[in-house]
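Chains, contacts and geometry: an overview
These are the residues of each chain, in order.
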Amino acid sequence: MGENITFLLQLIVTGLVLGSVYSLVALGFVLIYKSTSVLNFAQGELLMFGAYICLVLTVQYQVPFIWSFLLTLVFSFLLGFLLERVLLRPMLGESIISIIMVTIALSTLMRSVMQIIWGTQTKVFPPIFSDTPITVFGLFVAEVHLYSLGIAGICVAMFSLFFKFSSAGLAMRVTAFNQQVAQTMGINIRRIFALAWAISAVVSSIGGVILGNINGINNALAIMGLKVFPCVILGGLDSIIGAIVGSFIMGILENIAGGYLDPILGGGVKEVAPFVFLVIILMIRPYGLFGKKLVERL
């Protein structure tokens, strides 16, 4: 009995770590959607870009990891700003589906370029964290998992405070609520769009660096964008709190399904379980756990 409980708790802890990374990527999805009403399907590639940049700075240029990490955030911010300015801004006024198709094309382009530059082999960071597991309440937790959970938690808290108390965050919230109202208040909508893309690239890069330290870096990182999408839908597409809660739910659910059902059914359940759970929830709450229920009057 004790072993079963310990195994369950171990799966939950690992699921929390996975959910914390999901929450960062989900935050990037929600930021862009709330500000521009666009789903960015290149979110996984932004994550992979950040991981590769940090790895190159750390390994090839021998920059200490902490400075590599900070420089990666700067590069990611500039990339997000540049993508909005060059690719998305000319699309203002076009249909939403056209803009979404641009993000899909961007996803393919970025993945191909990174594959040309860095290849397809899995690359790993030098040992930054200790390999010796840490015992927490009788559970064995890798040091990198603890740091990952802590970094993700701090980042989510910082961005939440940014949206609630800073003038830029307030402007983004007003823009998300109603773009016409924001313009009448003197808010530069285009600047808000660029800021949303830049911040989205930053949070995705943080997730990429965390995952790169845990599992290594390869093209599979780009798939993380699609894996996180159910978390965003579950929480409610326009809810930051919902994206965070949905990410932790999906992370824990995925881990538990992998631990208990994969051995019985021969594998594959871990990848499918979040989507099955999402369908069930959407049958009950079509707008997600924290999404706004829209009522149209004819």
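Refer to the preceding data block for the structure.
What you see is a predicted model; the values in this text were computed from it and never measured. (Residues numbered from 1 in each chain as written. Predicted model: local features only at pLDDT ≥ 70, side-chain atom pairs only at ≥ 80, totals over all residues. Heavy atoms only, no water.)

**Here we look at the overall build of the protein**
Worth spelling out the cut-off: Numbering of helices and strands starts at the N terminus; helices are DSSP runs of H or I of at least 4 residues and strands are runs of E of at least 2. What the globule rule says is 2.2 Å times the number of residues to the power 0.38, and the radius of gyration is computed from C-alpha atoms. Throughout, exposure labels follow a simple rule: accessible area from a 1.4 Å probe, protein chains only, divided by the maximum for the residue type, with under 20% read as buried, over 50% as exposed, and the rest as partly exposed. The contact rule is simple, with two residues in contact once any of their heavy atoms fall within 4.5 Å. Calculation of accessible area relied on Shrake-Rupley with a 1.4 Å probe; when residues are assessed, cover is drawn exclusively from the protein chains displayed.
Looking only at helices and strands, the protein features twelve helices and two strands. For a compact globule of 298 residues, the expected C-alpha radius of gyration is about 19 Å, and the protein comes in at 19 Å, within 12% of that figure. C-alpha extents for the protein along the principal axes are approximately 60 × 50 × 35 Å. Expressed as a percentage of the 298 residues in the protein, the buried residues total 47%. Once local pairs closer than 6 in sequence are excluded, the contacts in the protein between residues at least 24 apart make up 75%. Working note: accessible area of the protein is about 15,200 Å², and carbon and sulfur atoms make up 69% of it.

**Points about the pattern of salt bridges**
Short version of the rule: Here a salt bridge means any side-chain nitrogen of Lys or Arg lying within 4 Å of a carboxyl oxygen belonging to Asp or Glu.
Here the structure, examined in full by the defined rule, presents three salt bridges. Ionic pairing is found between Lys 227 and Glu 254, a salt bridge with its closest N-O pair at 3.1 Å. In this pair, Lys 227 is assigned in helix α9 (residues 224–235) and Glu 254 in helix α10 (residues 240–260), connecting sequence segments 27 residues apart.

**Concerning the packing of aromatic side chains**
Where we set the bar: Only rings of Phe, Tyr and Trp enter the pairing, Trp through its six-membered ring, and a pair is recorded when the two centres are within 6.5 Å. The plane angle decides the type: under 30 degrees is stacked, over 60 is edge-to-face, the rest tilted.
Within the structure shown, the criterion is met by six aromatic pairs. Relative to Phe 229, the ring of Phe 29 has its centre 5.8 Å away and its plane inclined at 55°; by these criteria the two rings are tilted. Linking Phe 29 in helix α1 (residues 2–36) with Phe 229 in helix α9, this pair joins segments that are 200 residues apart in sequence. Phe 229 sits in the partly exposed class, given a relative accessible area of 22%.

**Details of a nonpolar patch on the surface**
Short version of the rule: Every patch collects residues that have over 30% relative accessible area and no salt bridge, joining them within 9 Å if they carry like charges and within 5 Å if they are nonpolar side chains (Val, Leu, Ile, Met, Phe, Trp, Tyr).
Taken together, the side chains of Phe 7, Leu 8, Tyr 260, Leu 261, Ile 264 and Leu 265 present a nonpolar region at the surface, about 560 Å² in accessible area. Secondary structure elements with two or more residues in the nonpolar patch: α1 and α11 (262–265). Mapped onto the elements, Leu 8 comes out in helix α1.

**A look at the nonpolar core**
Here is the rule: Nonpolar cores were defined as sets of buried Ala, Val, Leu, Ile, Met, Phe, Trp, Tyr and Cys residues, with membership established by side-chain atoms within 4.5 Å.
Met 110, Phe 159, Ile 206 and Val 228 are the most contacted members of the largest nonpolar core, which has 68 residues in total. Per-element accounting of this core gives the leading share, twelve residues, to helix α8 (residues 189–215). Apart from residues no more than four positions distant in its own chain, Ile 206 is found in contact with Leu 24, Phe 69, Leu 73, Ile 151 and Cys 155. Ranked by size, the runner-up nonpolar core spans seven residues in total, among them Leu 88, Ile 99, Ile 100 and Trp 197.

**Thoughts on the packing of helix α3 (residues 65–88) against helix α4 (residues 96–118)**
Convention followed: Here an axis means a line fitted to C-alpha atoms, over the contact stretch when the element is a helix, while the angle between two N-to-C directions is reported on a 0 to 180 degree scale. Between 65 and 115 degrees an angle is taken as roughly perpendicular, under 35 as roughly parallel, over 145 as roughly antiparallel, and anywhere else as oblique. Crossings are assigned a handedness: left-handed for a near helix turned anticlockwise from the far helix by less than a right angle, right-handed for a clockwise turn.
Where α3 meets α4, the axes come as close as 12 Å, and the angle between the chain directions of the two elements is 125°. Put simply, α3 runs oblique to α4. The hand of the α3/α4 crossing is right-handed. Facing Leu 79, Leu 83, Leu 87 and Leu 88 of α3, the residues of α4 in contact are Ile 99, Val 102, Leu 106 and Met 110.

**Observations regarding empty space enclosed by the protein**
Leftover empty space is mapped by rolling, across the atoms, a probe with the size of a water molecule. Using the following cut-off: Grid points spaced at 1 Å over the protein atoms alone were grouped into cavities, where a 1.4 Å probe fits but cannot get out, and pockets, open sets with protein on both sides within 12 Å along at least five of seven lines, with lining residues defined by an atom within 4 Å of a point. Grid points are joined across faces, edges and corners, and a volume is the space filled by probe spheres set on the points. In the scheme used here, Gly and all other residues not listed as nonpolar or charged are polar, with Ala, Val, Leu, Ile, Met, Phe, Trp, Tyr, Cys and Pro taken as nonpolar and Asp, Glu, Lys and Arg as charged.
Applying the stated rule across the entire model yields one cavity of 30 Å³ or more. Counted as a void, the largest cavity has a volume near 60 Å³. Breaking the lining of the largest cavity down by element, the ones donating at least two residues are α1 and α6 (167–177). The residue makeup of the lining of the largest cavity, split by class, is five nonpolar, one polar and two charged.

**Notes on helix α2 (residues 43–60)**
Spelled out, the test is: The span expected for a helix works out to 1.5 Å for each residue beyond the first.
Spanning 18 residues, α2 covers 25 Å between terminal C-alpha atoms, matching the ideal 26 Å at 1.5 Å per step. Burial analysis of α2 places 16 of its 18 residues in the buried class, the great majority of the element. Among the residues trailing α2, Gln 62 stands out with phi positive, at a value near 55°.

**A look at the environment of Gln 10**
One can find Gln 10 in helix α1. Among the residues examined, Gln 10 registers a relative accessible area of 22% and is labelled partly exposed. Spatially, the C-alpha atom of Gln 10 lies 7.6 Å from that of Phe 140, the residues being 130 residues apart in sequence. Once residues lying within four places of it in the same chain are set aside, the contact partners of Gln 10 are Leu 139 and Phe 140.

**Re the environment of Ile 134**
Topologically, Ile 134 is positioned in strand β1 (residues 134–136). Since its relative accessible area comes to 31%, Ile 134 is described here as partly exposed. For the pair Ile 134 and His 145, spaced eleven residues apart in sequence, the C-alpha separation works out to 9.9 Å. Filtering out sequence-adjacent residues up to four positions away, Ile 134 remains in contact with Leu 139, Phe 140, Val 141, Glu 143 and Leu 146.

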